[in-house]
Structure formats: structure tokens, C-alpha cells
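What the coordinates show
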Amino acid sequence: MQIEKLSASLVKLESYRLIRAVRTGLTIAIPILMIGSFSLLIKTFAGYFPMLAGIQELAELLYQCTFGILSLLLTGCLAWGALQTQDQPLAGDWIVPPAAIMVFIILNGGLKLDSAGAVGTFTAVCAALFTSFTYCWLRRKLKDEQFFTPGADYNFNQALTAIMPLLAVLLTAAVFNEGIRLLFHIESFQDVFVLLSNTLFRHMGRGFASSALFVFLSSGLWLLGIHGSNVLENVSRTLFQEGMQINAAASAAGLAPTEIFTKTFLDNFVFIGGCGTLICLLIALMLFSRQRVNRTLAKTAVIPMLFNINELMIFGLPVVFNPVFVIPFLLTPLVCLFTSSLAMGLGWVPMCVQSVEWTTPALISGYLATGSWTGALLQIVNIGIGVGIYAPFVLLYDKILIRQSQHQMSELAKLLDEQIEQGKPLNLIGAHGRLGNFAKLLAAEIKNDLLQKPIEMGYQPQFDGQNRCFGVEALLRYTHPRYGKVPPPLIIDLAKETDQLQTLELAVFEQVLHADFSGIEAMISMNVTVDTLKSEAFADFLRAHPVAQGRYCIEVTEQNTLLLNEAMRQRLKEFKDLGYALAVDDFSMGSTSLKYLQSSQFDIVKLDGSLVKNAQENASGRQIIQSILYLAQSMNFTVIAEYVENEAVRDLLKDLGCTHYQGYLYSPAVPLKQLRTVIRKIEEKK
């Protein structure tokens, strides 16, 4: 129960706009991080082999245009991510990412490339969020008419409107930076953390307490997007590097080393895999996470992290601004500090006597630093402890991702219902912000899953007044591995918006026609939308799959968009000649529905669901049902009532003259392997 409460709290925390903005921006930056990670890896590896100098130069160029200006790139990505969290899109918002980069340059004290890399990530976050939120607030306060130029280009008018809020944002940032500079006597906002860290460690000696504080601050800064290693570089060099020099001199003189807490000690026994001992998180993700997105990221990050290059994990998962991983990210390196200092203090593992390049993989680095295999063994112990610390938080993160996804799924389904009720054109993928992004993601995953494995189908039986099964409707179902069951209308709409609906419906027909319905003496109905019905590909498919008369039925949905001209009448007749019965879904007494009956091609009509659902309360609805039943008797077609949920509705329909039913009173849609059992049990109730 406590875990569930914690999970719910973290889900709520991650729903805050600031957290979502950072997450979205870092997701956009993943390609940059991947290229930068691998270019750094190749550059480091090629440096050991003179014959690879050309490759090293190429990797250096890629490194400089990615990690070399990472803060500038992140500023633009984060600003765009913040825009995606706006409730409504803002006209002319294209100016925000470049404006955020300008603010970053101001807070950085000018265009200084030496602090435009990973060292400036916190400044990038501040610049991006401040610019995006402030600019959008100011922009909405202005009226477009104040800057409107008749006859001018639209973008020109938007550019004019952007001048005043942009200038206000830049001036505010400049005044703030100048205040920081005068107050702390430093060059810019970027240098504040360096000043504070140097002051904090100024009078501390080299021991467990100072090492623990160093580890805690370095990890804590990284959680805020601040490059802790760079901020504390002066502390590391003056306090801990000196210890390494003392040990090296003692070793050269044939004496025993005396300093446990050295820079090499911290790099190789505490920060294994980089800050936060992230190699432990990597292993925990691969062992315990069931979320495909996490496992894919972990697999991608394996090679760089073997060489302690962890930016892809830090910003890609992400770890920064992620409340779930705060505790293990801070705790794991502190525990490793304790176990490692204890092992060396007790003499179980030799102290570090050899400096090791920071990109040296674990186990090798442990051996080289101590000159003993026990150094590698200590790293294994630390990694095992770290994996154990991270594991429950990985499982918790999985639960949070599932909750978030399910919440977004329900919001997307709600948006679809609203668009249908309001008569708006359906456009889920074009929705602004995270719902639109989630719709795109869901559409891509549905396409990938449905076309790579058998389609999940449900079969709902239909019964007459004597409980005899006369028909079965084949219904599309889809259970997403992370989001759970996806509502069928949502599947259909997303497939339609991505031009995959025809492919999907043909795949459904193919699967149903080849399914084994032996022992089921009933007509099998399959749904098809009008666009697919009109396509030549669908006609060719049916020509290649003629069936026995009365065995299969084509049920037309979205009939309001079907033009029943002579060509379509001939096509429907051809389908009937191929053995397929024809049915109309959601039939009412509207003019479009009545035109269907005039074609004399349809054998079955299914009552509009709203008529059946409201039949008990709505007298006009009951009269419409009676009118349709009268037409059915005179024109010789069958009427089926869907949404028959209880006996009262069934009995009312029976009194009105409707004797064919479908609904939860009898059975929901079930897998094919259960269908025969369900039909038999219901028919035995005659």
C-alpha cells in the first residue's frame, strides 16, 4: 500500500509542467546525446592508435558539434519542450528556442565555448524555462492588432509582435546576470556554483567526511542538470589529486601508500560508470525493467557506459529532474564510498598508487589503480550492491510509466469522444502538446505490433428470441504491452490518420476468413469503413476470397460518408455475388440510412446504439425502432439490436417486435477458443 501511495505521489509530481517540459526537451535531445556519446568513445579509442588519426579527427569534429556545445543545443531543445507543455499553441513560438539560446549566452557572460559543453547544462535549463514561460506569458498579454501591418506577410507580422516580449526577456536576463556579477564578484551566473563549492571545501581536510560531502554534492548537482564534476573540478584537483601524488611518491620510494581518498579512488571505486554509479542503474534496467523503452535505452547505452560515458543515460532516461531516482542516485555512490574506504582501511584491498584514465572500463581500472586483482573484486562487490539499491526504484519507475501511459490513454480516448460529439474533424495526431505526441507514439507502436504478429480479435455472439446463435461479430482488439487495452475506436482513428486503416482492415479480413469456425453454425460479420469499402484493393481482395453464401457478412461503418451512386451499387452487388452478405451499422431513420435501403443490397441493419441505450426512457426512440422494424418486415431485411445489456431492455425490444440481439446480456467479445463454449452455454438456456 505504501508503494502504491508513493507511486501515485510521484506520478502526480511528474505531471507538473516544469518536470514535463524538461523531460520533453531531453527526449528531443536524445539523437544529439547518442552521436556525442559514440563520437567521444571513438575519439578516446582512436587516440591509442596513431594509425587511426584520421578517424580521431572525424570523431573530434562530431564531438565538438554535439558535446562541445551541448548546453547550447540543450537550451534550444528544452525551450521547445517547454512550448509543448502549453495548453494552447502560441502563434510565432518559433522565436522561443533561439531566444533561449540568447539568454543562455547572457547568463554565461558571453559566448564562451569552454563553458558551452556539459558544464553549462543547469544554466541551459534555467535559460530555456525562463525564456519559454516568460515569453509566452508576455506574448499573450499583447494584442496582435497593435503590431499588425495590413498586406504584410503573416510571418512578418508575427516577427513584429515578438520584438517587445523578446526584448523584455533579454533585458531581464541581462539585469539578473549583472546583479549576480556585482553581488558575488564573478563573471556570470554560470560561475556561482564554482564559487560556492570552493568556499565550502576551503578549510576541509582530506578524509571520509570531505569525500562524502564531495560525492553527495557532485551527485546532487547532476540531478539538477549541473555538471558536478566540472563545478567541483578545483576541489578535486587541489584536495584529492594531491593524495594521489603522495601515494605515487611513496610507492616510488618503496614505501606503503597512506592516502585512501584520492581522485583515482573516487573515479574508479565510487563513481563506477560515471556519476551516481550509473553502471548499476544500467544493469538494473536490463535485469528488472519490463518497459521496452527503458530496455532499449539501456542496450543503446551499454557500450558508452562501459567506458564511463553516461550522458545518454543521464539525459536520455532521464535521471536529471527525475524524482524517482533521487534516492538511489545519491545513496549508491555514498555506500560505495563506505565499502571501498572500509576495504582499503582494513587492508583487504591495496590503496590506489597508479592514476588511471577516466574512460578505462571497470574491473580493468580497479586492477590498474591498485595493482591487485582485489581492486577488480571490490568493484564487482560495489556494482552488486548498487544494482540492489537501484532495483526497487527501477520497478517503481516501471509502475509510474504504466500509470502515466494509462492516464494519457484515457485522456486521448476522452479527446476522441469530445471531437466526435462536437462534430469536429478527427485529428488526434495533430493535437497540441503531449497528447498529440502520445497519439503519434501510440499510432507508431500499434502499426509495429499489429503488422508483425497475429491480430488480437474478439468474437461477440448474436442471439435470437429463442437463444439460438445466428451470428458472430468479429471485433478488433489490441492489448498494448505497457498501456493495457486500447479502445477499438481509438485504434481505428489512429490507423486512419496515419493512412494505415486499409492495411489493417484487410489484415483483419484475412485473419477472420482463415480462422477455424467449425462447429459454429452462424454468420460471421466483419467491420469495414467506407474508405476501405470503396478501394480497389478491397474489391480485389474479396474477388480472391469468394465464400459460401450466408457464411460471412460485411458490416459497413461510417455509412454517412458513403455515396451510393450506380458504380457503388454495382460493386455491392458484386460483393453479394461473391457470397458476402451486407449489413449497415448504426442505422437510424436519417435520410442517409434510408438511402441504403433503396439500394436493395443490404440484408441486415443494426440499430443505432443510442436508440437501444435510451429505449426505456425515450418514447420517440421506441417509435423510431418500431418504424425501422416495420420497414424491415416490408422490405425483407433483418434488424439486430446492439447494446442489449440486461433483460429489461431485451424484453422491451421483444415487445416492440425486435427478436435479434447482441450485447453483454449474452456475452462480451471473447477469444475464438472460448466462443464455442460461450455459445453452447447460452443456447442451453432455451
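The structure this text deals with has already been given above.
The structure reproduced in this document is the subject of the present report. (Residues numbered from 1 in each chain as written. Predicted model: local features only at pLDDT ≥ 70, side-chain atom pairs only at ≥ 80, totals over all residues. Heavy atoms only, no water.)

Scanning the protein from N- to C-terminus turns up 30 helices and ten strands. Out of the 686 residues in the protein, the part that is buried amounts to 51%. At a minimum sequence separation of 6, the contacts of the protein that also span at least 24 residues come to 72%. (Helix = DSSP H or I, 4+ residues; strand = E, 2+ residues; numbered from the N terminus. Buried < 20%, exposed > 50% of the residue type's maximum accessible area, 1.4 Å probe, protein only. Contact = heavy atoms within 4.5 Å.)

As a further point, take the sheet that holds strand β9 (residues 638–640). With respect to topology, eight strands assemble into an open sheet ordered β9-β8-β7-β6-β5-β2-β1-β10, the strand pairing being mixed. The sheet terminates laterally at β9 and β10 (660–661), the two strands that pair on one side only. Pairing of strand β1 (residues 457–464) with β10, which is carried by two bridges, proceeds in the antiparallel orientation. Paired with F463 across the strands is Y661, a residue of β10. Sheet strands in contact with helix α30 (residues 672–683) are β1 and β2 (469–476), and its direction is about 20° off that of β1. (Pairing = 2+ DSSP bridges. Axes fitted to C-alpha atoms, helices over the stretch in contact; angles between N-to-C directions.)

So, about helix α14 (residues 278–288). L278, I279, C280, L281, L282, A284 and L285 are the residues of α14 that are buried. Looking at the buried residues of α14, the elements they touch are α15 (292–306), α16 (311–316), α17 (326–345) and α19 (373–421).

A separate point is the packing of helix α3 (residues 30–46) against helix α4 (residues 53–64). α4 packs onto α3 with a crossing angle of 150° between their chain directions and a minimal axis gap of 8 Å. As summarised for this structure, α3 and α4 are arranged roughly antiparallel, according to the angle between their axes. α3 and α4 meet at a crossing whose hand is left-handed. Residues S39, L40, I42, K43 and A46 of α3 touch α4, and the partners they reach there are I55, Q56, A59, E60, L62 and Y63. Looking at side-chain class alone, the contact of α3 with α4 contains seven nonpolar, two polar and two charged residues. (Parallel < 35°, antiparallel > 145°, perpendicular 65-115°, else oblique. Left-handed = near helix turned anticlockwise from the far one by under 90°. Nonpolar A, V, L, I, M, F, W, Y, C, P; charged D, E, K, R; others polar.)

To continue, consider helix α22 (residues 501–513). The end-to-end C-alpha distance of α22 is 18 Å, a good match for the 18 Å that 13 residues give at a rise of 1.5 Å each. Taken together, the buried positions of α22 are L501, L504, E505, L506, V508, F509, V512 and L513. (Expected span 1.5 Å × (residues − 1).)

On to the packing of aromatic side chains, then. This structure, assessed with the given rule, holds twelve aromatic pairs. Centre to centre, the rings of F509 and F538 are 5.2 Å apart; their planes meet at 85°, and the pair counts as edge-to-face. In this pair, F509 sits in helix α22 while F538 sits in helix α24 (residues 536–543), placing the two residues 29 residues apart along the sequence. F538 matches F509 in its accessibility class, with the two residues each being buried. Taking the ring centre of Y63 as reference, the NZ or CZ of K43 above it sits at 4.0 Å. Residue placement shows K613 over the ring face of Y643; its charged tip is 4.3 Å from the ring centre. (Phe/Tyr/Trp six-rings, centres within 6.5 Å; stacked < 30°, edge-to-face > 60°. Lys NZ or Arg CZ within 6 Å of the ring centre and 35° of its normal.)

For the structure on display, the rule yields 17 salt bridges. For K43, the salt bridge identified is with E60, shortest N-O distance 3.2 Å. Taken as a pair, K43 in helix α3 and E60 in helix α4 lie far apart in primary sequence, 17 residues in all. Through salt bridges with shared partners, a single network forms among E536, D540, R543, R571 and E574. (Salt bridge = Lys/Arg side-chain N within 4 Å of Asp/Glu carboxyl O.)

So, about the pairing of strand β7 (residues 580–587). Along β7, seven of the eight residues are buried, which leaves the element largely enclosed by surrounding structure. In this sheet, β7 lies alongside strand β6 (residues 552–556) in parallel orientation, the contact comprising five bridges. Residue C553 lies in a different strand from β7, and its bridge partner there is A581. In the sheet, β7 pairs with strand β8 (residues 604–607) via three bridges, with the strands oriented parallel. Residue V584 lies in a different strand from β8, and its bridge partner there is V605.

Turning our attention to the side chain of S71. Its location among the elements puts S71 in helix α5 (residues 70–83). Each residue touching S71, except ones within four places of it in the same chain, is listed here: F104, S115, A116, G117, A118, V119, G120, T121 and A124.

Here we take up the environment of A116. Tracing the backbone through its elements, the reader meets A116 in the loop between α6 (96–107) and α7 (121–141). It is 6.1 Å that separates the C-alpha atoms of A116 and L72, two residues lying 44 residues apart in sequence.

Grouped together as the largest cluster of nonpolar side chains are 85 residues, with contacts concentrated most on L442 and V512. Among residues more than four places away in sequence, those in contact with V512 are M457, Y459, A474, F517, I524, M526 and Y552. Within the second largest apolar cluster, 83 residues are counted, among which are I19, L170, L223 and F315. (Core = buried A, V, L, I, M, F, W, Y, C linked by side-chain atoms within 4.5 Å.)

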